Amino acid sequence: MKPSREIAGLIEIMAALRTPGTGCPWDLEQDFASVAPYTVEEAYEVADAIARGDKLDLKDELGDLLLQVAFHARMAEEEGSFAFPDVVEAITTKLIRRHPHVFGDARDLSPAEVKVLWHRIKVEEKAAKAAAREAAGLPPQTEERGVLAGVPHTLPALTRAWKLQARASTVGFDWNDARLVLDKIREETAEIDEALAGGDKAAIHEEIGDLLFVVANLARHADADPEGCLAAANTKFERRFKAIEDALETEGRTAKDASLDEMEALWQAVKKREKAAG
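Residues numbered from 1 in each chain as written. Predicted model: local features only at pLDDT ≥ 70, side-chain atom pairs only at ≥ 80, totals over all residues. Heavy atoms only, no water.

### Notes on the overall build of the protein chain
Right, so step 1: Scanning the protein chain from N- to C-terminus turns up 12 helices and zero strands.
Right, so step 2: For the protein chain, the sequential pattern of α-helices and β-strands runs α-α-α-α-α-α-α-α-α-α-α-α.
Right, so step 3: In summary, the protein chain has a C-alpha radius of gyration of 25 Å against a globular reference of 19 Å for 278 residues, an excess of more than 25%.
Right, so step 4: The principal-axis extents of the C-alpha atoms in the protein chain amount to approximately 65 × 55 × 45 Å.
Right, so step 5: Within the span of the protein chain, comprising 278 residues, buried residues form 21% of the whole.
Right, so step 6: For the protein chain, restricting intrachain contacts to residue pairs at least 6 apart in sequence, the fraction spanning at least 24 positions comes to 47%.
Right, so step 7: Surface exposure of the protein chain reaches about 19700 Å², of which carbon and sulfur atoms provide 60%.
Right, so step 8: Charge-centre separation for the protein chain: the mean point of 36 positive side chains lies 5 Å from the mean point of 52 negative side chains. (Helix = DSSP H or I, 4+ residues; strand = E, 2+ residues; numbered from the N terminus. Rg over C-alpha atoms; globule rule 2.2 N^0.38 Å. Buried < 20%, exposed > 50% of the residue type's maximum accessible area, 1.4 Å probe, protein only. Contact = heavy atoms within 4.5 Å. Areas by Shrake-Rupley, 256 points an atom, 1.4 Å probe, with all protein chains shown as cover. Lys, Arg positive; Asp, Glu negative; His and termini not counted. Charge placed at Lys NZ, Arg CZ, Asp CG, Glu CD.)

Structure (structure tokens):
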């Protein structure tokens, strides 16, 4: 089997990997649930390559993500549910249906009109999907109700907190000033202090969760992505800690050899240099 620039080559390779007797033992023992974490991980690695501006790495990571789609489609084909062409047909059909202002007769729409049209199409899709499930003898999907319905549980926790709070704000359940959120953060830190004093591990975990939830809300009020904010903070921490290690290395030492006071002094020196550099 040879490398290919065509999607058919990937589908063929995936089928070979999943062929009993001659395929890969690891690939053969996987199922949808076991592959799902890898799918999420690959999506994050795509986002990481984009954030780093590394187009060569992005090419590779997009390939890894595409493999995940092929993997799930192959497993579905094996059980007779659907195959890769069905996945492609489903998304192309959806894109054409949802963009009649591009592919149909609904031309020259304003952004507001596109939004209204998009909502109407999604309502129609939902009804069509319910009818298709009924025709196939499948039970209706359990439908969550309420303002917070439909926010995926598999989202990163900070992102999900942001989305839940954004949903609640649509019915007026929200602060109208970011500074009021800061007051709530101070309240939560006081409750953490109290929980730490009491030594109740469950209470400590709950209060830390409450604090993170409110911090996500502060990010929303500041029109900032909490995941992006935390990712930037992680990068900054890595950069500064590496600078500490580099400084110690010039003295023939490692971080294990240095005291906390020494490392703190080096940390402050790094911060000062960064601030001076702008």
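### So, the packing of helix H5 (residues 84-98) against helix H7 (residues 111-135)
Right, so step 1: Across the interface, H5 lies against H7 with an axial gap of 10 Å and an inter-helix angle of 135 degrees. Taken together, the axes of H5 and H7 lie oblique to each other. Along its contact with H5, which presents Lys94, Arg97 and Arg98, the element H7 presents Trp118, Ile121, Lys122 and Glu125.
Right, so step 2: Taken together, the residues of the contact of H5 with H7 break down into two nonpolar, no polar and five charged. (Axes fitted to C-alpha atoms, helices over the stretch in contact; angles between N-to-C directions. Parallel < 35°, antiparallel > 145°, perpendicular 65-115°, else oblique. Nonpolar A, V, L, I, M, F, W, Y, C, P; charged D, E, K, R; others polar.)

### So, the pattern of salt bridges
Right, so step 1: Applying the stated rule across the entire model yields 19 salt bridges.
Right, so step 2: Two residues, Arg220 and Asp174, come together in a salt bridge whose shortest N-O distance is 2.8 Å. In this pair, Arg220 sits in helix H10 (residues 201-221) while Asp174 sits in the loop between helix H8 (157-169) and helix H9 (178-198), placing the two residues 46 residues apart along the sequence.
Right, so step 3: Among the residues examined, Asp174 registers a relative accessible area of 31% and is labelled partly exposed.
Right, so step 4: Residues Asp183 and Arg186 are paired through a salt bridge, measuring 2.8 Å at the closest nitrogen-oxygen approach. Of this pair, Asp183 and Arg186 both sit in helix H9, separated by three residues, roughly a single helical turn.
Right, so step 5: Owing to a relative accessible area of 42%, Asp183 belongs among the partly exposed residues under this scheme.
Right, so step 6: Given the relative accessible area of 51%, Arg186 is considered exposed.
Right, so step 7: Salt bridges here are not isolated pairs; linked through shared partners, they connect Arg18, Arg74, Glu77 and Glu78. (Salt bridge = Lys/Arg side-chain N within 4 Å of Asp/Glu carboxyl O.)

### Observations concerning unusual backbone geometry
Right, so step 1: Of note in this structure, Asp108 is not a glycine but carries a positive phi near 55 degrees.
Right, so step 2: By the element assignment, Asp108 lies in the loop between helix H6 (100-103) and H7.
Right, so step 3: When its relative accessible area of 79% is taken as the criterion, Asp108 is described as exposed.
Right, so step 4: For Asp223, which is not a glycine, the phi torsion comes out positive at approximately 55 degrees.
Right, so step 5: Position of Asp223 among the secondary structure elements: in the loop between H10 and helix H11 (226-249).
Right, so step 6: The class of Asp223 is exposed, set by a relative accessible area of 71%.

### Observations regarding the environment of Thr235
Right, so step 1: With respect to the element layout, Thr235 can be found in helix H11.
Right, so step 2: You can call Thr235 partly exposed: its relative accessible area is 44%.
Right, so step 3: Sequence separation of Thr235 and Glu249 is 14 residues, and the distance between their C-alpha atoms is 21 Å.

### Notes on H8
Think of an α-helix as turning once every 3.6 residues; residues three or four places apart then point the same way.
Right, so step 1: The end-to-end C-alpha distance of H8 is 18 Å, a good match for the 18 Å that 13 residues give at a rise of 1.5 Å each.
Right, so step 2: When H8 is considered as a whole, its buried residues turn out to be Leu158, Thr159, Arg160, Ala161, Leu164, Gln165 and Ala168.
Right, so step 3: Of the surrounding elements, those touching the buried residues of H8 are H10 and H11. (Expected span 1.5 Å × (residues − 1).)

### A short note on the packing of aromatic side chains
Right, so step 1: Enumeration over the complete set of coordinates arrives at three aromatic pairs.
Right, so step 2: Arranged with centres 5.9 Å apart and planes meeting at 15 degrees, the rings of Phe237 and Phe241 form a pair that is stacked. Of this pair, Phe237 and Phe241 both sit in helix H11, four residues apart, which is roughly one turn of that helix.
Right, so step 3: Here Phe241 falls in the partly exposed class, since its relative accessible area comes to 29%.
Right, so step 4: Residues Phe237 and Trp267 carry aromatic rings whose centres are separated by 5.5 Å and whose planes lie at 45 degrees to one another, so their mutual orientation is tilted. Taken as a pair, Phe237 in helix H11 and Trp267 in helix H12 (residues 260-277) lie far apart in primary sequence, 30 residues in all.
Right, so step 5: Given a relative accessible area of 18%, Trp267 falls into the buried group. (Phe/Tyr/Trp six-rings, centres within 6.5 Å; stacked < 30°, edge-to-face > 60°.)

These results come straight from atomic positions and should not be treated as a statement about function.
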